Amino acid sequence: MKRTVIAPAFIIACLAISGCVVRSVYQWLPEEYRATDISLTGTWHDAQAKSTVFFRQEGETKYYDVLFVQEENKQSRFTAALYRMDNTLFLMVGPEDRKDAGIFAILPGYLLFKAELNGNTMKLYGMDLDSFGNRIQKQKIQSMENGNKDDGYVLLSNTSNMTAFVKSQIKDASFFKQEPLYNFQKMASK
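### Regarding a nonpolar patch on the surface
1) Next: Together, Leu107, Met144 and Leu156 give the surface a local cluster of nonpolar side chains, amounting to about 230 Å² of exposed area.
2) Next: Note on placement: Leu107 falls in the loop between β6 (88-94) and β7 (111-118).
3) Next: A relative accessible area of 34% means that Leu107 is categorised as partly exposed.

### Some words on the packing of aromatic side chains
1) Next: Per the stated rule, a full pass over the model turns up 10 aromatic pairs.
2) Next: Ring geometry for Phe68 against Tyr182: centres 5.6 Å apart, planes inclined by 85°, an arrangement best described as edge-to-face. Of this pair, Phe68 sits in strand β4 (residues 64-69) while Tyr182 sits in strand β10 (residues 182-186), placing them 114 residues apart in sequence. Residue Phe68 shares its accessibility class with Tyr182, and that shared class is buried.
3) Next: One aromatic cluster is present, built from ring pairs that chain together Phe90, Phe132, Tyr153, Phe165, Phe175 and Phe176.
4) Next: Positioned over the ring face of Tyr63 is Arg34, at 4.2 Å from the centre of the ring.
5) Next: Cation over ring: Lys114 sits above Tyr125, and NZ or CZ is 4.8 Å from the ring centre.

### With respect to unusual backbone geometry
1) Next: The backbone phi angle of Asp86 is positive, close to 50°, even though this residue is not glycine.
2) Next: Relative to the helices and strands, Asp86 resides in the loop between β5 (75-85) and β6.
3) Next: Although it is not a glycine, Asn87 adopts a positive phi angle of roughly 65°.
4) Next: Positionally, Asn87 belongs in the loop between β5 and β6.

### With respect to the pattern of salt bridges
1) Next: Tallying each qualifying case throughout the model produces nine salt bridges.
2) Next: Residue Glu31 is joined to Arg34 by a salt bridge in which the shortest nitrogen-to-oxygen separation is 2.4 Å.
3) Next: Judged by relative accessible area, which is 16%, Arg34 ranks as buried.
4) Next: The salt bridge partner of Glu71 is Lys50, with a shortest N-O separation of 3.9 Å. With Glu71 in the loop between β4 and β5 and Lys50 in the loop between β2 (42-46) and β3 (51-56), this residue pair connects regions lying 21 residues apart in the sequence.

### Topic: the side chain of Thr52
1) Next: Here Thr52 is to be found in strand β3.
2) Next: At 2.7 Å, the side chain of Thr52 and the side chain of His45 are in polar contact.
3) Next: The contact partners of Thr52, leaving out residues within four places of it in the chain, are Thr43, Trp44, His45, Leu67, Phe68 and Val69.

### Observations regarding the pairing of β10
1) Next: Note: β2 against β10, two bridges, orientation antiparallel. Paired with Trp44 across the bridge in β10 is Lys186.
2) Next: As paired strands, strand β8 (residues 121-125) and β10 are joined by four bridges and run antiparallel to one another. The residue bridging Thr121 from the neighbouring strand is Gln185, located in β10.

### Some points on the environment of Leu91
1) Next: Within the secondary structure layout, Leu91 lies in strand β6.
2) Next: Given the relative accessible area of 3%, Leu91 is considered buried.
3) Next: Taking the C-alpha atoms as reference points, Leu91 and Tyr125, separated by 34 residues in sequence, lie 9.5 Å from one another.
4) Next: Leu91 has contacts with Leu40, Phe55, Ala80, Ala81, Leu82, Leu111, Leu112, Phe113, Ala115 and Leu124, leaving out every residue within four places of it along the chain.

Calculation rules
- Residues numbered from 1 in each chain as written.
- Predicted model: local features only at pLDDT ≥ 70, side-chain atom pairs only at ≥ 80, totals over all residues.
- Heavy atoms only, no water.
- Patch = residues over 30% accessible without salt bridge, like charges linked within 9 Å, V, L, I, M, F, W, Y side chains within 5 Å.
- Areas by Shrake-Rupley, 256 points an atom, 1.4 Å probe, with all protein chains shown as cover.
- Salt bridge = Lys/Arg side-chain N within 4 Å of Asp/Glu carboxyl O.
- Helix = DSSP H or I, 4+ residues; strand = E, 2+ residues; numbered from the N terminus.
- Buried < 20%, exposed > 50% of the residue type's maximum accessible area, 1.4 Å probe, protein only.
- Phe/Tyr/Trp six-rings, centres within 6.5 Å; stacked < 30°, edge-to-face > 60°.
- Lys NZ or Arg CZ within 6 Å of the ring centre and 35° of its normal.
- Polar contact = N/O pair within 3.5 Å; in protein donor to acceptor, adjacent residues only side chain to side chain.
- Contact = heavy atoms within 4.5 Å.
- Pairing = 2+ DSSP bridges.

Note that all results are geometric; they support no functional claim without further evidence.
Next up, the structure:
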């Protein structure tokens with residue numbers, strides 16, 4: 001994934017929708033878990049959340065350039081890729097490839113969502129933050145000191161530690177929220 005910074009508007013959008021987010025400075029999962037057999041290319045809409053997301057791929061890359069549009073035409077850009085571990089799909093959202101000076105002033109971050117794909121339907125689930133602090137403490141995942149379920153968490157452990165953490169948690173149904181954050185429907189292309 002392009003390693004610059006996550007769009008601040010996306011973080012603000014997630015904070016407004018879910019109360020807070022969990023972001024990792026390093027990627028959650030390595031390339032070996034990428035799910036390249038599924039395409040998200042196209043336009044997806046969630047009428048209830050009044051959100052539309054556009055996934056685009058250029059060339060042979062399996063990373064998506066993503067445009068996320070919310071109410072009042074609020075827009076955020078980032079990259080994303082699908083990953084698979086133990087038959088569970090994840091959408092990892094990462095920093096947009098920026099070339100301006102703003103890259104020096106923004107903390108990078110990767111978000112991880114559980115994804116359920118069924119035909120033209122995609123549900124994305126955010127992490128359940130009620131027990132998240134205990135989980136990272138028990139697994140010795142490094143994080144910034146002031147993280148909590150109300151203000152969010154910033155994880156500092158490297159990708160191999162993050163991968164082991166995800167592996168240890170995915171069988172626990174309460175690792176992610178029970179209700180999806182988004183219920184996207186793929187829109188027919190013209």
